[in-house]
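Chain and residue survey
Residues per chain, in single letters:
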Amino acid sequence: MDCALLLLLSLWALTGEVSPQESGLCPDRLLGEESRRTCPRPCKADRDCGNKRQCLCDGQCGLSCVAPGRTCPWPLPPSENSEARLLSPTHSFSALLEVRCKPGFALPNGLDASIRRCQGDRQWSGDEPICTETLSSEEPAAAQTCPLPEEIINTFSIQGDATAGTSIRYTCRSGADIVGSSENFCQDNQTWQDPHPICKKVYCQPPREVEQGYVVAVQKTEYEVGFDIHYLCKKNFLLDGPQKVTCLSNGSWSASPPHCRARCLIPAERSRVVVGGVKRWPFDVTDAVVPHGEHVTFYCRHPSKQCSFIATQACFDGKLQPPACYLEPTWLQFKLFPHRLVSEIEVCEPNDVE
Ligand SMILES: *[C@@H]1O[C@H](CO)[C@@H](O)[C@H](O)[C@H]1NC(C)=O
Ligand SMILES: *[C@@H]1O[C@H](CO)[C@@H](O)[C@H](O)[C@H]1NC(C)=O
């Protein structure tokens, strides 16, 4: 429908019963591409028509004999993508109808509305308008990105905004190693050049075994992040190190496994020693042993004077050496002269020791 015709139709709608002959605006009968099934009988004046008809302008049919009371179909069957409304009080000859596409839809010519006129053949002019969905012009611009599924966003921290023509970098959130390329390119057609990488699932390897100790955990070939392993030592062994280690997110254990340290036999029998601040005979100490880490003070004889001085050694994992100066008294000395044993004589004055 061209503009002149629309103007013409609007004029009619406004002026109502203006005779087209008088206005001189009716086009000649001209059937172009917009084919009409039928045109009423052409005329020049009312007298050319029967008594029930008038010579009126009927669009492309030009002046035609029409019955002005005849109506076009109304209401129209509902349409999904458009809405029709009458622009005229009635739906009889020359009434105008507007068909407007719903938001997001448009006619093939890009407009969102079309006007139809009730013709003399009781049909609305033109073809039935078909509204089709439009992609608004901003949307594709905003959507010039490659998809990043939620699962990928949860797994990786991503540098870059995934717009077409740019690259992104992936880093595993878990700190784990990436399997695949850590970089990807968003192509112009909004697809990724490469498949997304994956994060190697992190496991801790079984920790080293602890001699004389137990691992309080199910034995596995690998342990998940967050898994705790508890350690216990066998009887008479002392735990040296953490009681528990945890599998960290980088696949390491939170600490090295502990050691289970052995007790030490006190390397003296016939001389008193100081253990735990108490001077006592070794045979009075349970099993004559001290725990790992315990200090034992021995008495040594002054090389030239009748006095003793002390030397302290520590028990380390079953090993406790007597100090070099310590001489174990003989059985005879112990039995016959107990009060002359090195641990029983006077302690040297501080300046004697120098
Ligand atoms: C996108 O573009 C790339 C390179 O230009 C091409 O290899 C790929 O097949 C395209 N993918 C799709 C879905 O069109
Ligand atoms: C794992 O992480 C811990 C603590 O964050 C760190 O001390 C350790 O060196 C890391 N180990 C490796 C292999 O990166």
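Whatever comes next refers back to the structure up there.
These remarks concern the structure in this document. In this text the structure is predicted, and so the values were computed from the model without any measurement. (Residues numbered from 1 in each chain as written. Chains lettered and ligands numbered in written order. Predicted model: local features only at pLDDT ≥ 70, side-chain atom pairs only at ≥ 80, totals over all residues. Heavy atoms only, no water.)

Applying the stated criterion across every chain yields a total of 13 disulfides. A sulfur-sulfur distance of 1.8 Å marks the disulfide that ties Cys39 to Cys61. On the sign convention where negative is left-handed, the bridge of Cys39 and Cys61, at about -75° about the S-S bond, is left-handed. Pair noted here: Cys39 is in the loop between α2 (20-23) and β1 (54-57) and Cys61 is in the loop between β1 and β2 (63-66), with a separation of 22 residues, a long-range link. (Disulfide = S-S within 2.5 Å. Helix = DSSP H or I, 4+ residues; strand = E, 2+ residues; numbered from the N terminus.)

With that settled, the discussion passes to the sheet that holds strand β25 (residues 308-314). If you walk across this open sheet you meet the four strands as β22-β21-β24-β25, and the pairing is antiparallel. Here the strands that pair on one side only, and so sit at the sheet edges, are β22 (278-280) and β25. Averaged over all neighbouring strand pairs, the angle between strand axes comes to 30°, with direction disregarded. Sheet topology note: the strand β21 (residues 273-275)/β22 ladder contains three bridges and is antiparallel. Looking at the pairing, Val275 lines up with Val278 of β22. (Pairing = 2+ DSSP bridges. Axes fitted to C-alpha atoms, helices over the stretch in contact; angles between N-to-C directions.)

All residues adjacent to ligand 1 are Gln187, Asn189 and Thr191. The side chain of Asn189 places a nitrogen or oxygen atom 2.3 Å from an oxygen atom of ligand 1. Expressed as a share of its isolated accessible area of 360 Å², the protein-covered part of ligand 1 is 27%. (Near = heavy atom within 4 Å. Polar contact = N/O pair within 3.5 Å; in protein donor to acceptor, adjacent residues only side chain to side chain. Areas by Shrake-Rupley, 256 points an atom, 1.4 Å probe, with all protein chains shown as cover.)

Grouped together as the largest cluster of nonpolar side chains are 14 residues, with contacts concentrated most on Ile266, Ala268, Val273, Val275, Val290, Val296 and Phe298. Examining the composition of this core, we find that three residues originate from one element, strand β24 (residues 295-301), more than from any other. For Val296, the residues in contact, after removing those within four places along its chain, are Ile266, Val273, Val274, Val275, Val290, Ala311, Thr312, Gln313 and Leu320. Counting residues in hydrophobic clusters, the runner-up holds eleven residues, among them Tyr223, Ile229, Trp253 and Cys260. (Core = buried A, V, L, I, M, F, W, Y, C linked by side-chain atoms within 4.5 Å. Buried < 20%, exposed > 50% of the residue type's maximum accessible area, 1.4 Å probe, protein only. Contact = heavy atoms within 4.5 Å.)

Before going further, it helps to examine the packing of aromatic side chains. As enumerated under the stated definition, the model contains six aromatic pairs in all. Ring centres of Phe156 and Tyr170 lie 5.1 Å apart, and the angle between their planes is 65°; on these two criteria the pair is classed as edge-to-face. One end of the pair, Phe156, is in strand β8 (residues 156-159); the other, Tyr170, is in strand β9 (residues 167-172), with 14 residues separating them in the sequence. Grouping residues by exposure puts Phe156 and Tyr170 together as buried. Ring centres of Trp281 and Phe283 lie 5.8 Å apart, and the angle between their planes is 5°; on these two criteria the pair is classed as stacked. Classification of Phe283 by relative accessible area gives exposed; the value is 53%. Among the aromatic residues, ring-to-ring pairing joins Tyr223, Phe227 and Trp253 into one connected group. Residue placement shows Lys279 over the ring face of Tyr299; its charged tip is 4.1 Å from the ring centre. (Phe/Tyr/Trp six-rings, centres within 6.5 Å; stacked < 30°, edge-to-face > 60°. Lys NZ or Arg CZ within 6 Å of the ring centre and 35° of its normal.)

Bringing the pattern of salt bridges into the picture now. Applying the stated criterion across every chain yields a total of 13 salt bridges. Close ionic contact of Arg261 with Asp240 constitutes a salt bridge, the shortest N to O distance being 2.8 Å. A residue pair is termed long-range when its members are at least 10 positions apart, and Arg261 in strand β19 (residues 259-261) and Asp240 in strand β17 (residues 238-240) qualify at 21 residues. Take Arg261: its relative accessible area is 12%, and that puts it in the buried class. For Arg261, the salt bridge identified is with Asp317, shortest N-O distance 3.6 Å. Here Arg261 is found in strand β19, whereas its partner Asp317 is found in the loop between β25 and α5 (331-336), with 56 residues between them in sequence. What you see here is one network of salt bridges that share partners, running through Arg85, Glu98, Arg100 and Asp112. (Salt bridge = Lys/Arg side-chain N within 4 Å of Asp/Glu carboxyl O.)

Below, the discussion takes up the site of ligand 2. As a structural note, the neighbourhood of ligand 2 is formed by Leu248, Asn250 and Ser252. Here Ser252 contributes a side-chain N or O atom positioned 3.1 Å from a nitrogen atom of ligand 2. For ligand 2, whose unbound accessible area comes to 360 Å², protein coverage reaches 26%.

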